[in-house]
Amino acid sequence: MTSSTVHSASDQALEKSGEMDTPPGSERYMHKVSVPPKQNLLKEFTATVKETFFADDPLRPFKDQSKSRKLILGIQAIFPILEWSRSYSLKKFRGDLIAGLTIASLCIPQDIGYAKLANLAPQYGLYSSFVPPLIYACMGSSRDIAIGPVAVVSLLLGTLLQNEVDHTTNPTEYLRLAFTATFFAGITQATLGILRLGFLIDFLSHAAIVGFMGGAAITIALQQLKGFLGIKKFTKKTDIISVMHSVFGSAHHGWNWQTIVIGATFLSFLLVAKYIGKKNKKLFWVPAIAPLISVILSTFFVYITHAEKKGVEIVRHLEKGINPSSVDQIYFSGEYLGKGFKIGVVAGMIALTEATAIGRTFASMKDYTLDGNKEMIALGAMNVVGSMTSCYVATGSFSRSAVNYMAGCSTAVSNIVMSCVVFLTLEFITPLFKYTPNAILSAIIINAVLNLIDIQAAILIWKVDKFDFVACMGAFFGVVFSSVEMGLLIAVSISFAKILLQVTRPRTALLGKIPRTAVYRNIQQYPDASKVPGVLIVRVDSAIYFSNSNYVKERILRWLTDEEERKKAAEPTIHFLIVEMSPVTDIDTSGIHALEELYRSLQKRNVQLILANPGPVVIDKLHESKFETLIGEDKIFLTVADAVAACSPKKLVEEV
């Protein structure tokens, strides 16, 4: 094409962008599809491994550095606090101090309640907000995440542990198994980070997580009805039918009205405080400090009225002092070793998923990069150390992290401040929690888990992807009507099912030519795109592997059959089938074999197979397999437009 054939500025722009037909009388230049130069096998393998496991190029900062500098950078990579602490200032500390004190006021009452979810004594919740945050502050890369026990992991851990050991009849074995599970949760997390296998947690889709979290929130809230209503005999099952049967079965003789009044009053107070915080972002501290105020007021009320003598259940005893060592309580042999390992892997993965999602959310809001693998190592290290210091599985808490963010935290020092407040609480204040009513802890947990029910996200999932919505609802109903582990199993199963469905049944599309351009697009998306007489253009939107090769071949033939049946008498018979291969990123031997079978099938129908724009990996494999020779090198084109021009030159010489 030359500029002499261009008649206007707009046509010239179209010509330069490659979106204008070749004018009549001009010769069309067609570039041959090139086979990439042969690469060294070792270099190719190294590049693949690097892209798979080291896509973020973690060794880039070490290039062209002296040995001493490399050593310093290596230590800073393990302990990021050594890097950012050098630029730490009094201004940043002010923000971290306020944020740390704010999240501490939120975490103390929550931790006591979450420990009960895990069927552990209340002090273990506080222990888990003392040591793990300190470890994370030194090794973590997120500036905003607040570490401690969370509702979903506490419930999951409590349910899985209870299935193995009854916490009422065998409290010692139950506690030891909890520490063992925490140890292996940490090992799992750290191993994924060290081996750079963090992409594995992405197999649990966002939709499945939304459903699982929502179902877990409902389950947790229902479990709190025991403390909220003052019921003494309560089912150990977590499904909604068993819980509601237990609740209404004890309605006439098991409910305590004083407990209900305390619970309902302070739950209303917490909900009002949350509403105030949402309406006015500057008052974020109101819902953050409301739980602690509720605990103080309710404890004082019970103490002066001796409501515990009227059936109001209270905490009674909360162990004083910091975390005792629990190294000798972890099972490293025996039957509980395997059980602790299985529970730890599941709990560790869920904790990791939640922490990663939270960390990424706030990192994007503040526009900084979060190293996912470093996060996993940090979370793993804190849980391994935590298991040896009487902690159970800790992770990032969304509610506390949100408060931490809004309170103006600058670095992980806010976690250190929170940890110091928890230390002071354990050393000096724990006896004051003796008269804290269980109803207020239930109210605090119900108020906290309501945030996990994301109705707007579920509605958006329904609008965007119906299959994702099935995954979401499957996980939700699995947790609510069966159990936490069943909901988790359904969530993982549907996530994998979606991947398998997309791999085994890739999308294909018929392409047509968009008017006044040389662009060919899906005729469903662009109804005004016109088909080329005598030519069928099909696009395959996936790599072609053994799992889908037969389907791709059959689907293309079905497109051809449908088109032949649909064509009118006046229309020419289809003589060319062009396969647009731009989206085909890879092909294996089964895929090549399927193309050979497709070629032979088309030959019997007197239809010529033509390929358009195969990528470097694909064309290299087609060249090595001699498929290129089979169909002819002149049947492989750089673009669909070139292929159509070769098949139907008269079409392209029409006036634009």
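Computed from a predicted structure; not experimentally measured. (Residues numbered from 1 in each chain as written. Predicted model: local features only at pLDDT ≥ 70, side-chain atom pairs only at ≥ 80, totals over all residues. Heavy atoms only, no water.)

### Points about empty space enclosed by the protein
For step 1, the next point in the chain: Here the structure, examined in full by the defined rule, presents four cavities of 30 Å³ or more.
For step 2, the next point in the chain: Approximately 130 Å³ is the volume attributed to the largest cavity.
For step 3, the next point in the chain: Considering the residues around the largest cavity, the lining is formed by Tyr114, Val150, Ala151, Val152, Glu354, Ser397, Phe398, Ser399, Ala448, Val449, Asn451 and Leu452.
For step 4, the next point in the chain: For the lining of the largest cavity, the secondary-structure elements that each account for two or more residues are α8 (151-164), α17 (398-406) and α19 (438-449).
For step 5, the next point in the chain: Of the residues in the lining of the largest cavity, the class split is eight nonpolar, three polar and one charged. (1 Å grid on protein atoms, 1.4 Å probe; cavity = no way out; pocket = protein on both sides within 12 Å on 5 of 7 lines; lining within 4 Å. Points joined across faces, edges and corners; volume = space filled by probe spheres on them. Helix = DSSP H or I, 4+ residues; strand = E, 2+ residues; numbered from the N terminus. Nonpolar A, V, L, I, M, F, W, Y, C, P; charged D, E, K, R; others polar.)

### Concerning the pattern of salt bridges
For step 1, the next point in the chain: Applying the stated criterion to the full structure yields 16 salt bridges.
For step 2, the next point in the chain: Aspartate 111 is the partner of arginine 400 in a salt bridge, and the nearest nitrogen-oxygen pair spans 3.4 Å. Note that arginine 400 is positioned in helix α17 and aspartate 111 in helix α5 (residues 90-117), a separation of 289 residues in sequence.
For step 3, the next point in the chain: Ionic pairing is found between arginine 566 and glutamate 563, a salt bridge with its closest N-O pair at 2.8 Å. (Salt bridge = Lys/Arg side-chain N within 4 Å of Asp/Glu carboxyl O.)

### Points about the packing of helix α10 (residues 206-223) against helix α20 (residues 455-464)
For step 1, the next point in the chain: The geometry of α10 relative to α20 is characterised by a closest axis approach of 10 Å and an angle of 140° between their N-to-C directions. Seen from above, α10 lies across α20 with left-handed handedness. From α10, His206, Ala207 and Val210 reach across to α20, where they touch Ala457, Ala458 and Ile461.
For step 2, the next point in the chain: When the residues that make up the contact of α10 with α20 are grouped by side-chain class, the tally is five nonpolar, one polar and no charged. (Axes fitted to C-alpha atoms, helices over the stretch in contact; angles between N-to-C directions. Left-handed = near helix turned anticlockwise from the far one by under 90°. Contact = heavy atoms within 4.5 Å.)

### Focus on the packing of aromatic side chains
For step 1, the next point in the chain: Applying the stated criterion across every chain, the model contains 14 aromatic pairs.
For step 2, the next point in the chain: Aromatic pair phenylalanine 184 and phenylalanine 341: ring centres 5.4 Å apart, planes at 85°, arrangement edge-to-face. In this pair, phenylalanine 184 sits in helix α9 (residues 171-194) while phenylalanine 341 sits in helix α15 (residues 335-366), placing the two residues 157 residues apart along the sequence.
For step 3, the next point in the chain: Owing to a relative accessible area of 43%, phenylalanine 341 belongs among the partly exposed residues under this scheme.
For step 4, the next point in the chain: Judged by centre distance (6.0 Å) and plane angle (35°), the ring pair of phenylalanine 362 and phenylalanine 398 falls under tilted. Of this pair, phenylalanine 362 sits in helix α15 while phenylalanine 398 is found in helix α17, placing the two residues 36 residues apart along the sequence. (Phe/Tyr/Trp six-rings, centres within 6.5 Å; stacked < 30°, edge-to-face > 60°. Buried < 20%, exposed > 50% of the residue type's maximum accessible area, 1.4 Å probe, protein only.)

### Topic: helix α27 (residues 640-647)
For step 1, the next point in the chain: Burial analysis of α27 places seven of its eight residues in the buried class, the great majority of the element.
For step 2, the next point in the chain: Along α27, the residues classified as buried are Val640, Ala641, Asp642, Ala643, Val644, Ala645 and Cys647.

### Comments concerning the confidence of the model for the chain
For step 1, the next point in the chain: For the chain, per-residue confidence averages 88 on the pLDDT scale, and 94% of positions sit at 70 or higher.
For step 2, the next point in the chain: In this model residues 1-21 is a low-confidence stretch, pLDDT under 50, and it forms 31 contacts with partners more than four residues away in sequence or in other chains.
For step 3, the next point in the chain: Here residues 651-656 scores under 50 on pLDDT; set against residues more than four positions off or in separate chains, the count is 14 contacts. (pLDDT = per-residue confidence, 0-100.)

### Some thoughts on a nonpolar patch on the surface
For step 1, the next point in the chain: Together, Ile322, Phe423, Leu424, Phe428, Ile429 and Leu432 make up a nonpolar patch on the protein surface, roughly 560 Å² of accessible area in all.
For step 2, the next point in the chain: Here phenylalanine 428 is to be found in helix α18 (residues 413-429). (Patch = residues over 30% accessible without salt bridge, like charges linked within 9 Å, V, L, I, M, F, W, Y side chains within 5 Å. Areas by Shrake-Rupley, 256 points an atom, 1.4 Å probe, with all protein chains shown as cover.)

### Considerations on the pairing of strand β7 (residues 608-612)
For step 1, the next point in the chain: Within β7, five of the five residues are buried, which leaves it mostly tucked inside the rest of the structure.
For step 2, the next point in the chain: Relative to β7, strand β6 (residues 576-580) runs parallel, the two being bridged by five bridges. Along β7, the bridge assignment pairs glutamate 580 with alanine 612. (Pairing = 2+ DSSP bridges.)

### Some remarks on the environment of asparagine 323
For step 1, the next point in the chain: Looking at the secondary structure, you find asparagine 323 in the loop between α14 (285-305) and α15.
For step 2, the next point in the chain: Expressed as a C-alpha distance, the spacing of asparagine 323 and glutamate 173, which sit 150 residues apart in the sequence, is 19 Å.
For step 3, the next point in the chain: In this structure asparagine 323 touches Tyr127, Phe130, Val131, Thr389, Cys391 and Leu426, once residues within four positions along its chain are discounted.
For step 4, the next point in the chain: A distance of 3.1 Å separates the side chain of asparagine 323 from the backbone oxygen of tyrosine 127, its partner in a polar contact.
For step 5, the next point in the chain: Among the polar contacts made by the side chain of asparagine 323, one reaches the main-chain carbonyl oxygen of threonine 389 at a distance of 2.9 Å. (Polar contact = N/O pair within 3.5 Å; in protein donor to acceptor, adjacent residues only side chain to side chain.)

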